[in-house]
Amino acid sequence: MNFISQNLRNIALTIPPHVTLVAVSKTHPPEAVMEAYREGQRVFGENKVQEMCAKFEVLPKDIEWHMIGHLQSNKVKYIVPFVHLIHGVDSFKLLTAINKEAAKQNRPVNCLLQVYIAQEETKFGFDKEEILDLVRIQAFESLPFVRVNGLMGMASNTRNEAQIRNEFKMLKTLFDELKSTGTFGDSFSVLSMGMSGDYGIAIEEGSTMVRVGSSIFGARSYN
Ligand SMILES: *Cc1c(COP(=O)(O)O)cnc(C)c1O
């Protein structure tokens, strides 16, 4: 058995059934995706529009493609026809652009709001107060072609487990708070948090969707 199959089997043993595994295939070729596909994996994550579109073209059509990276408004149109879930919506402006393009193509698009939880300068995302303010002014009601299905966040890149756990706890608290407002309806059910290094902690803290790349496909090399 090849190592991708082996890795997927090992990870499957550690993920409870209510948690969705997004196999992050960025930088890896379609052949690697197919290895995972033959193992039964159908949910894949990419962080670049061009790469995701190229893989969508050549790979089986029952794959669910998740956009997990930073998305530019002018590239939204390329993924609206087929994307299953956009994890990294980090501004109201981007959400508005997605709504506009989804309306044009008459295809509602599932989104997660990316929330800034790490103590790092480089991460994209809303902050908590920003989302609560938008809820207060009912801003989301003007966007009929986006479904806000939940939240996404990335913990700090640190070995400090207590800090990581704390950041996930903050996201879970915000998730529960937003859910209780009823603003986004019953489809508000996805909490995307956890990567190769921290998905165990994330699941303990309430994650329903983990995005795992290197633990499945091996290390990435960027040229
Ligand atoms: C690359 C990436 C992942 C996967 O990271 P690994 O550490 O390889 O599991 C998860 N989420 C996002 C947003 C990513 O860009």
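To be clear, the structure that these remarks concern was listed above.
Residues numbered from 1 in each chain as written. Predicted model: local features only at pLDDT ≥ 70, side-chain atom pairs only at ≥ 80, totals over all residues. Heavy atoms only, no water.

Visitor: How do you make sense of the site of the ligand when you look at a structure like this?
Guide: Taken together, Val24, Lys26, Ile68, Met152, Met154, Met195, Ser196, Arg211, Val212, Gly213, Ser214 and Arg220 form the complete shell of residues around the ligand. Arg211 places a polar side-chain atom, nitrogen or oxygen, 2.9 Å from a nitrogen atom of the ligand. Within the contact set of the ligand, an oxygen atom lies 2.8 Å away from a backbone nitrogen or oxygen of Ser214. Out of a free accessible area of 390 Å², the ligand has 89% covered by protein chains. Across the shell around the ligand, the residue classes break down as six nonpolar, three polar and three charged. (Near = heavy atom within 4 Å. Polar contact = N/O pair within 3.5 Å; in protein donor to acceptor, adjacent residues only side chain to side chain. Areas by Shrake-Rupley, 256 points an atom, 1.4 Å probe, with all protein chains shown as cover. Nonpolar A, V, L, I, M, F, W, Y, C, P; charged D, E, K, R; others polar.)

Visitor: Whenever I open this one, the side chain of Ser207 confuses me. Can you help?
Guide: Within the secondary structure, Ser207 sits in the loop between α8 (199-204) and β8 (209-212). By relative accessible area, which is 1% here, Ser207 ends up buried. Here Met209 takes part through its backbone oxygen, which lies 3.1 Å from a polar atom of the side chain of Ser207. Apart from residues lying up to four places away in sequence, Ser207 is in contact with His18, Val19, Leu191, Met193 and Ala202. (Helix = DSSP H or I, 4+ residues; strand = E, 2+ residues; numbered from the N terminus. Buried < 20%, exposed > 50% of the residue type's maximum accessible area, 1.4 Å probe, protein only. Contact = heavy atoms within 4.5 Å.)

Visitor: Sorry, what's going on with the pattern of salt bridges here?
Guide: Between side chains of opposite charge, a pair can form when the charged atoms approach closely. Per the counting criterion, the structure on display carries 12 salt bridges. Between Glu35 and Arg38 there is a salt bridge, with the nearest N and O atoms lying 3.7 Å from each other. Here Arg38 and Glu35 lie together in helix α2 (residues 30-38), a separation of three residues that amounts to about one turn. Residue Glu35 is classed as partly exposed on the basis of its relative accessible area, which comes to 26%. Linking Lys128 and Glu177 is a salt bridge whose minimum nitrogen-to-oxygen distance equals 3.7 Å. (Salt bridge = Lys/Arg side-chain N within 4 Å of Asp/Glu carboxyl O.)

Visitor: What's the story with unusual backbone geometry in this structure? I'm lost.
Guide: If a residue is not glycine, its phi is most likely negative; likewise, a peptide bond is most likely trans. Although it is not a glycine, Asn106 sits at a positive phi angle of roughly 55 degrees. Among the structural elements, Asn106 can be located in the loop between α5 (92-104) and β5 (109-115). For Asn106, a relative accessible area of 59% puts it in the exposed group. You will see that Gln138, though not glycine, has its phi angle at about 60 degrees, which is positive. Mapping Gln138 onto the fold places it in the loop between α6 (128-136) and β6 (146-153).

Visitor: Just checking my understanding: could you explain the environment of Met193 for this structure?
Guide: Positionally, Met193 belongs in strand β7 (residues 190-193). Between the C-alpha atom of Met193 and that of Met152, which follows or precedes it by 41 residues, the distance is 5.9 Å.

Visitor: Please explain the packing of aromatic side chains as it appears in this structure.
Guide: Working definition: an aromatic ring pair is given by the centre-to-centre distance plus the angle between the planes. Applying the stated rule across the entire model yields six aromatic pairs. A ring pair is formed by Phe184 and Phe188, whose centres lie 5.1 Å apart and whose planes are at 20 degrees; its orientation type is stacked. Taking the relative accessible area as the measure of exposure, Phe184 reaches 12% and is therefore buried. By relative accessible area, Phe188 is classed as buried at 1%. Taken together, the aromatic side chains of Phe92, Phe140, Phe175, Phe184 and Phe188 make up a single cluster linked through ring pairs. Note that Lys61 overlies the ring of Phe56, its terminal NZ or CZ placed 4.7 Å from the centroid. (Phe/Tyr/Trp six-rings, centres within 6.5 Å; stacked < 30°, edge-to-face > 60°. Lys NZ or Arg CZ within 6 Å of the ring centre and 35° of its normal.)

Structural measurements only, silent on function.
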